[in-house]
Amino acid sequence: MELILSGAVGVLAASGIWLILRPRSFQVIVGLCLLSYAVNLFIFSMGRLTPGAPPIMPKGGFVDPTLYADPVPQALVLTAIVISFATTALFLVVLIGLRGLTGTDHVNGKEKSEA
Amino acid sequence: MNQHLIIAPILIPFVAGALMLLYDDRQRVVKFWISLSSILAQLLIAIQLVIRAKIGAETGGEGITFYLLGNWEAPMGIVLVLDRLSAMMLVLTAFLATVSLIYARAGWHRQGTYFYSLFQFLLVGLNGAFLTGDLFNLFVFFEVLLAASYGLLLHGSGQVRVRAGFHYIAINLTASLLFLIGVSLIYGVTGTLNMAHLANMISQVAPADRPLLHAAFAILGVAFLVKAGSWPLSFWLPSTYMAAAAPIGAMFAIMTKVGIYAILRLSLLMFGTTGGPSAGFGASVLIALGMATMLFGLLGILAAENIGRIAANTVLISSGSLLIVIGFALLGGGEAMLAGALYYMIGSTLATGALFLLVEPMERKDGGIAALLALTADAYGMDAQPVEDDSVTEGPRIGYGLPLLAGGFIVAVLFLAGLPPLPGFIGKVAMIQGLIAVTGIWGAIAWGSIALLLLSGLAALIGLVRIGIQTFWTNEENPSQLMALEIAPVLALAAALCMMTVKAEATLRYTTGTAVALHETSAYAYGVFAARPAVTNTSAKTDGQP
């Protein structure tokens, strides 16, 4: 399981970084999305991988913490997903604005040959 | 009530910003007064908090106050921490926000929608980032201030702003992802995100985990360095800051200081003398990057052709010199140097803010702001929209405003060049004194830093005087109309800089106390756990009732 998860993080991060460095604005935004998926999985894995363990402990009495998953990274991941979702949406609006104002989807607002 | 004052700088702009969303965007007068009263309230509270931090230290206490959010005990819940450094930053933010808002009233606030709400949300993020004592909460407040800054940067729209905004958002989103990686790695190694808790644990981390922890802090540091505008992560900064509308540019002057603040707070807390085997981690990198940033800004000023680019490059110089001093402070450079740097940081934020406010009135040829705004509206394809009022600009005009403007300009130049009697000189002398005292291997590097500090002052003087002569002396046209609302903020900033000279001893005493407190991390690191939830009394009371 560790191998699959780390492989997924690696592949997502690598494709994300490659796409961010591309000249088209849509590629950049997809790259940022993939990178944020990679980061979210990474945060999740920081709580250690425990299959089938609930994150919420019952109230009262002694509980063995080793039987439960760490809830903090799950909460962090939720926050991170919400924030990256919102900022990506905002970024998409700027992308469309740039496309509309410059007539090109190059990240610099002009084609390389014109520079 | 009194202990809840700490959270007020976050709640007031939050409520004010949300309230203004309910009003139609044409109700600008109402919105302006709501914003102004919100910011003035923040300023008063921030001053109150500074007094509290100061008196707390002078009466034998540590001068640090903790506020447990949701009344959870320290490592479990999120804490807000008020110490001398954060109180000082709150006052600086509120003051800069006051003058920027008044300046925006001269006409800029009409150039887009939701200006006032976004402005307040920016303040939520800034105040929150200065107050929080939790790493993930710091991330959240960073995102709040960044999201607001994306909107504000695009304020006024237009091709230049949208293009600069696109780069700015892309870079900051990537930096935020690095921030998240760093934070989660730190959590993975130590199991806590509370800064005070981390400071306690840092010397006890298992040797096998330490490289991972260092890597985590390094990744986190990269995210902060992007915000601080450190070379080589700063190429976005000049064009972004130039593209921003003038009052926004002035607010952006403090946004780089958030990055500096985070680096200062975290590095001294984690890698100060109590850091055990990690003590001094990252110091050499900070010094090297600081020097490179200063050199880059220095060359940038000399190459710049307009005042906007010079103003953006002075931001870089200010960041660079602060990074150098933080690096030397980590190596045990002493409190006096850090105190001088903090003093310099207050002044340089005010001076660069003043420069950003001066950019537009100084470059205005004729026809005043009305012509300029008409031009921008035309260029941005908004010509179909007629101006709502007869007069685009508001407030009384001053025919001979140029001499007043020149006065404000001179104060900013004298500060940035580091000439007496302004605080730029006092701050630089304090920093250089500290750097001279550095001996050993680092001595030569300290001398290099001194040279850069002095040369950057010279470069700022050359670049700014050149622009000043072109604008104020060789300009034979009739001076364009300036509005009182544009000149007053610049003069207020200049007056604040002069006040810093008059009150230099008191200010330096405060920053010295701050620097001492930053070095003695135990008050911060253990104080958080001494803070008890406030509920115990109330719950006892309710339990007692039938």
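Everything numeric in this text was worked out from a predicted model, so none of it was measured.

Definitions and cut-offs
Residue positions are given per chain, counted from 1 along the sequence in the order it is written. The naming scheme follows written order: chains are lettered A onward, ligands numbered 1 onward. Local features are withheld for residues below a pLDDT of 70 in this predicted model, meaning they are given only at 70 or higher, and side-chain atom pairs are given and counted only at 80 or more; totals for whole chains, interfaces and linings count all residues. Only hydrogens and water are set aside; all other atoms, that is, all heavy atoms of the structure, feed into the side-chain values. Secondary structure elements follow DSSP: runs of H or I of four or more residues count as helices, runs of E of two or more count as strands, with numbering from the N terminus. Think of it in three bands: with a 1.4 Å probe and only protein chains considered, a residue is buried below 20% of the maximum accessible area for its type, exposed above 50%, and partly exposed in between. By definition in these notes, contact holds between two residues if any of their heavy atoms fall within 4.5 Å. Residue-level accessible areas treat just the shown protein chains as cover; the underlying method is Shrake-Rupley with a 1.4 Å probe. To qualify as a nonpolar core, a set must consist of buried Ala, Val, Leu, Ile, Met, Phe, Trp, Tyr and Cys residues joined through side-chain atoms within 4.5 Å. The term buried area means the drop in 1.4 Å probe accessible area that two parts suffer when joined, counted for both and summed. The term salt bridge refers to a side-chain nitrogen of Lys or Arg lying within 4 Å of a carboxyl oxygen of Asp or Glu. Definition of a polar contact: a pair of N or O atoms within 3.5 Å, with one able to donate and the other able to accept a hydrogen when the atoms are protein atoms, and with sequence-neighbouring residues admitted only if both atoms are side-chain atoms. Classification convention: Asp, Glu, Lys, Arg as charged; Ala, Val, Leu, Ile, Met, Phe, Trp, Tyr, Cys, Pro as nonpolar; all other residues, Gly among them, as polar.

1. A short note on the overall build of chain B
Step number 1: Summing up its helical and strand segments, chain B has 21 helices and four strands in all.
Step number 2: For chain B, with 546 residues in total, the buried portion stands at 60%.
Step number 3: Residue pairs in contact within chain B that sit at least 24 positions apart in sequence constitute 82% of those at least 6 positions apart.
Step number 4: Summed over all atoms, the accessible surface of chain B reaches about 19,800 Å², with 67% contributed by carbon and sulfur.

2. Things to note about the side chain of Thr507(B)
All names here are of chain B.
Step number 1: Mapped onto the secondary structure, threonine 507 falls in helix 19 (residues 504-519).
Step number 2: What makes threonine 507 buried here is its relative accessible area of 18%.
Step number 3: Not counting residues up to four positions away in its chain, the partners in contact with threonine 507 are Tyr343, Ile346 and Met500.

3. Quick look at the nonpolar core
Step number 1: Grouped together as the largest cluster of nonpolar side chains are 217 residues, with contacts concentrated most on Leu126(B), Leu135(B) and Met270(B).
Step number 2: When near neighbours in sequence (up to four residues on either side) are disregarded, Leu135(B) contacts Phe179(B), Val183(B), Ile186(B), Leu193(B), Met195(B), Leu198(B), Leu220(B) and Leu266(B).

4. Regarding the interface of chain A and chain B
Step number 1: The interface is formed by 30 residues belonging to chain A together with 24 residues belonging to chain B.
Step number 2: When the two sides are added together, the surface that chain A and chain B hide from each other amounts to roughly 2,500 Å², 82% of it contributed by carbon and sulfur.
Step number 3: The interface formed by chain A and chain B holds zero salt bridges in total.
Step number 4: Along the contact surface separating chain A from chain B lie two residue pairs in polar contact (both at pLDDT 80 or more).
Step number 5: The set of elements that each furnish at least two residues to the side of chain A that touches chain B consists of helix 2 (25-45) and helix 3 (71-102) of chain A.
Step number 6: Sort the elements by how many residues they give to the side of chain A that touches chain B and helix 3 of chain A lands first, with 15 residues.
Step number 7: Tallied by class, residues from the side of chain A that touches chain B come to 20 nonpolar, eight polar and two charged.

5. Quick notes on the pattern of salt bridges
Residue and element names in this part refer to chain A.
Step number 1: Under the criterion given, the structure shown has three salt bridges over all chains.
Step number 2: A salt bridge links aspartate 105 to arginine 24, with the nearest nitrogen and oxygen atoms 2.7 Å apart. Of this pair, aspartate 105 sits in the segment after helix 3 while arginine 24 sits in the loop between helix 1 (2-20) and helix 2; the two residues are 81 residues apart in sequence, bridging distant segments of the chain.
Step number 3: On the accessibility criterion, aspartate 105 (30% relative accessible area) is partly exposed.

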